[in-house]
Amino acid sequence: MASATDSTSIQQQQQQQLPTIVVLISGSGSNLQALIDATQNTNQDSGSPSLKANIIGVISNRQKAYGLERAQKAGIPTETVSLKRFKDQGKSREDFDDAVATLITTKYQPDLVVLAGWMHILSPRFLAHFPRDNVMNLHPALPGQFDGAHAIDRAFEAFQQGTISETGIMVHKVIADVDRGQVILQQPVPILPSDTLSTLEDRIHLAEHDIIVRGAQAFLDELTGKQQQQ
Ligand SMILES: Nc1nc2c(c(=O)[nH]1)N[C@@H](CN(C=O)c1ccc(C(=O)N[C@@H](CCC(=O)O)C(=O)O)cc1)CN2
Ligand SMILES: NCC(=O)N[C@@H]1O[C@H](COP(=O)([O-])[O-])[C@@H](O)[C@H]1O
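Residues numbered from 1 in each chain as written. Chains lettered and ligands numbered in written order. Predicted model: local features only at pLDDT ≥ 70, side-chain atom pairs only at ≥ 80, totals over all residues. Heavy atoms only, no water.

Keep this limit in mind: UniProt positions are given in the numbering used here, feature names are shortened, and annotations may be inferred rather than shown by experiment.
Looking at an unreviewed UniProt entry, one finds the chain named phosphoribosylglycinamide formyltransferase 1, with Absidia repens as its source organism. In its Catalytic activity (unreviewed entry) section, the UniProt record describing the chain reads: "N(1)-(5-phospho-beta-D-ribosyl)glycinamide + (6R)-10-formyltetrahydrofolate = N(2)-formyl-N(1)-(5-phospho-beta-D-ribosyl)glycinamide + (6S)-5,6,7,8-tetrahydrofolate + H(+)".

Next up, the structure:
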């Protein structure tokens, strides 16, 4: 019968064989939490999607991002790289992007980079570090609808003006053209006449916590060639 030590080493070996993810955040990290929970969700019957991967690092551009606490509680190494500090040193946004990308590719070398509320537009100098195009972003709008920041506010305003009847969310590959990369998964999210901005935000965030996990798994399967094996 396998001893506790044997089962631990088997578990460690299994963890070491899993694809790896680095997550970039700027704020609360509720989507990071969804990813963390999904990597620990071994019970297929729980209804929530599981993620067969290891989150090996979390990088924030803001020291006070609560997502850093979430990562630390999960035992995941964290880093903070402040754009303000770069600018205070007379450096450019591209220098900042270069530093973030170099940190990811030298210290972590992940299979996948996930932007989960990363609130900076990444320059081509960042993307040049990722020739495998293995960077994914979560965006709280449908393709081509409300690219960029504050998408939920803009969708709610458009609904109130009668120009849209619903909104949605997507995960997509990251290219220089903001929120215009190939869509990995997308999902409509209804807007109700009784909605306030807050109730719409809650509905969107709930849907995001599912799509970010399914999108990361789908993208990893594509990147690791798993789909071809099935
Ligand atoms: N090159 C790319 N960079 C980023 C992408 C992308 O698809 N291509 N996705 C965004 C995420 N994002 C929307 O999904 C987004 C985030 C932030 C902004 C933005 O205008 N940021 C401002 C600063 C805003 C702030 O600090 O509050 C800025 O960068 O000046 C646009 C889109 C991530 N990056
Ligand atoms: N344009 C990018 C953008 O708006 N991203 C949005 O930031 C939030 C992060 O929440 P979280 O910190 O709780 O995961 C999410 O709603 C995500 O869609």
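The discussion continues.
### Notes on the pairing of strand 1 (residues 20-25)
What counts here: We call a residue buried when its accessible area falls under 20% of the maximum for its residue type, exposed when it is over 50%, and partly exposed in between, using a 1.4 Å probe and counting protein chains only. Secondary structure elements follow DSSP: runs of H or I no shorter than four residues count as helices, runs of E no shorter than two count as strands, and numbering proceeds from the N terminus. For two strands to count as paired, DSSP must find a minimum of two bridges between them.
Taken across its six residues, strand 1 has six buried, putting it largely inside the fold. Summarising the sheet, strand 1 and strand 2 (residues 54-60) pair through six bridges and their orientation is parallel. Counted as the bridge partner of Val 22 is Gly 57 from strand 2. Across four bridges, strand 1 lies against strand 4 (residues 112-115) in parallel orientation.

### Some points on the sheet that holds strand 2
Condition: Under this scheme, a helix contributes an axis fitted over its contacting stretch, all axes are lines through C-alpha atoms, and angles between N-to-C directions fall in the 0 to 180 degree range. Two residues form a contact once any of their heavy atoms are found within 4.5 Å.
The seven strands lie next to each other as 3-2-1-4-5-6-7, forming an open sheet whose pairing is mixed. Two strands in the sheet have a free side with no partner beyond their single neighbour: strand 3 (78-80) and strand 7 (183-190). For this sheet, the mean inter-axis angle between neighbouring strands, taken without regard to orientation, is 20 degrees. Inspection of the sheet shows strand 4 paired to strand 5 (residues 135-139) by three bridges, in the parallel sense. For Val 113, the partnering residue across the bridge sits in strand 5 and is Val 135. Those strands touched by helix 8 (residues 197-223) are strand 1, strand 4, strand 5, strand 6 (166-173) and strand 7, and its axis lies near 160 degrees from that of strand 7.

### What to know about the site of ligand 2
So the rule is basically this: Near, as used in this document, describes a residue that has one of its heavy atoms within 4 Å of the molecule or strand being considered. Polar contacts, as counted here, are pairs of nitrogen or oxygen atoms within 3.5 Å of one another; within protein the pair requires one atom able to donate a hydrogen and one able to accept it, and residues that are adjacent in sequence qualify only if both atoms are side-chain atoms. For every accessible area listed, the method is Shrake-Rupley and the probe measures 1.4 Å; residues are considered covered only by the protein chains on display. Gly falls in the polar group here, along with every residue not listed as nonpolar (Ala, Val, Leu, Ile, Met, Phe, Trp, Tyr, Cys, Pro) or charged (Asp, Glu, Lys, Arg).
Close to ligand 2 lie 13 residues, the nearest being Gly 29, Ser 30, Asn 31, His 205 and Glu 208. The separation between a nitrogen atom of ligand 2 and a polar main-chain atom of Gly 148 is 3.4 Å. Coverage of ligand 2 by the protein chains reaches 86% of its 450 Å² of free accessible surface. Sorting the residues of the shell around ligand 2 by element identifies helix 2 (30-39), strand 5 and helix 8 as the ones contributing at least two each. For the shell around ligand 2, the class distribution of residues is three nonpolar, nine polar and one charged.

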